[in-house]
Amino acid sequence: MEGTKGAMESMGRGSRMNFWTGRKVFLTGHTGFKGTWLCKMLEMLGAKVYGYALKEDTEFYRVAQPQIVKSVLGDIADKEKLLMAMEDIHPEIVIHFASHSTLNKSYEITDYIFNTNVMGLVSLLECIRKVAGIKAVLVVTSDKCYKNMESEEGYREDSVLGGGDPYSSSKACQELVTECYRHSFFAIDKLNIPIATARASNVIGGGDYHYDRLLPGLVKSFLYQENANVRKPDAVRPWQNVLDVLGGYLCLARKMAQSGNANSIYSSAFNFGPESDGILSVGRLVEMIAEHFKKISYNINDSLDVDETKVLKISSNKAKNILGWQRVYSIEETVKMAVLFEQRRFAGESAKRLCEEYVNDFFGRKKYE
């Protein structure tokens, strides 16, 4: 991977560095998997990052050691505490990750999911209405927001929203809530705050320690030479590098802020999905992970009572055409990077240094502004 000095010099010559340097970014859910990686990216771009989240539920945020100005622990649905935090900071960019993020157990904690994902977003948007100086808002939802048609065609941003399970339904609701606030309060003839939603597919990367997810669970089992369980091997899913997706989020947030126009083409929904090589069956991804280990053992288990779609694909043509977004890493590189991250950590290397190495490599190879 490209060295730190070369990558940082490359960033310094581009508009990305000029835009993000010194920017106040308010990041909800900053202690999560994607939140931690984005903190590292923003830190290395020179931004001033402020976080608001629950206490981290895995060790990744702690061991990655992102340098942020202030971290506030709180429930996203606690509007009073959230408003106090935002008024203290007066951020320029708001990026919203703070949501319940997995399908598992969604039938057991349905009220919590809707309170966090839906009412938490309402609380955030209400606070944004009261805080001056915000130039762009990005709400991260999910590709699960689309109505399940079991279609081989990728869902587009204008495809029908839906949700047959509590998690997916809450993600569709986030889209509707954002659309409501965009037209009712944030439009150019009102507050004029650009706001967009980002609908991403499954992301892969080192530091994901939610072991109920496929790659983290398998890597952990293979590292410790334990038997692993794999469910629904024939299910087709889109898989992509976490850094590619986060790069898309940064690009969208930047373009919104630079437009200064709540009615611009950037103030809308955007899909961020992989190329065709990243649309794989669960079984094929398992094989790709297994290639990086000398000894592995796993069972196929279809008895788990989880309602999941068999086929889920999204189209990223809008992000490519309007934002100039494109992926940097192939699925082979992505799987290798994720596995090597954990193998190197297992061997004693610093997670903080590994994160910085990976982010530098991404910025050094990035193909778009």
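This text goes with the structure placed above it.
Parameters at a glance
Residues numbered from 1 in each chain as written. Predicted model: local features only at pLDDT ≥ 70, side-chain atom pairs only at ≥ 80, totals over all residues. Heavy atoms only, no water. Helix = DSSP H or I, 4+ residues; strand = E, 2+ residues; numbered from the N terminus. Expected span 1.5 Å × (residues − 1). Buried < 20%, exposed > 50% of the residue type's maximum accessible area, 1.4 Å probe, protein only. Contact = heavy atoms within 4.5 Å. Polar contact = N/O pair within 3.5 Å; in protein donor to acceptor, adjacent residues only side chain to side chain. Core = buried A, V, L, I, M, F, W, Y, C linked by side-chain atoms within 4.5 Å. Pairing = 2+ DSSP bridges. Axes fitted to C-alpha atoms, helices over the stretch in contact; angles between N-to-C directions.

The end-to-end C-alpha distance of helix H7 (residues 166–184) is 26 Å, a good match for the 27 Å that 19 residues give at a rise of 1.5 Å each. Buried residues of H7: Pro166, Tyr167, Ser168, Ser170, Lys171, Ala172, Gln174, Glu175, Val177, Thr178, Tyr181 and Arg182, and no others. Tucked inside the fold, the buried residues of H7 contact strand S4 (93–96), helix H6 (110–130), strand S5 (136–140), strand S6 (195–200) and strand S10 (269–272). N-capping of H7 is provided by Asp165, with a side-chain oxygen placed 3.1 Å from the backbone N of Tyr167.

Ranked by size, the top nonpolar core spans 57 residues in total, and within it Trp37, Tyr249 and Phe272 carry the most contacts. By size, the runner-up hydrophobic cluster in this structure holds 28 residues, among which are Val94, Ala98, Leu124 and Leu125.

As a further point, take the sheet that holds strand S7 (residues 202–204). Read from one edge of the open sheet, three strands run S7-S9-S11, paired in mixed fashion. Looking at which strands have only one partner, the edges of the open sheet turn out to be S7 and strand S11 (279–281). On average, each strand axis in the sheet is tilted by 50 degrees relative to the strand beside it, whichever way the strands run. Where S7 meets strand S9 (residues 236–241), three bridges bridge the pair, whose relative direction is parallel.

What follows concerns the sheet that holds S4. Sheet strands pair by backbone hydrogen bonding; their relative direction is either parallel or antiparallel. In space, the seven strands of this open sheet follow the order S3-S2-S1-S4-S5-S6-S10, with parallel pairing throughout. In this open sheet, the two strands that pair with only one neighbour each are strand S3 (70–73) and S10. Ignoring which end each strand starts from, the neighbouring axes of this sheet average 20 degrees apart. Looking at chain direction, strand S2 (residues 48–53) and S3 are connected through four bridges and run parallel. What sits directly across from Ala53, in S3, is Leu73. The sheet strands contacting helix H3 (residues 33–44) are strand S1 (24–28), S2, S4, S5 and S6, and the helix crosses S1 at an angle near 170 degrees. Contacting S1, S2, S3 and S4, helix H5 (residues 79–89) runs over the sheet at an angle of about 165 degrees to S1.

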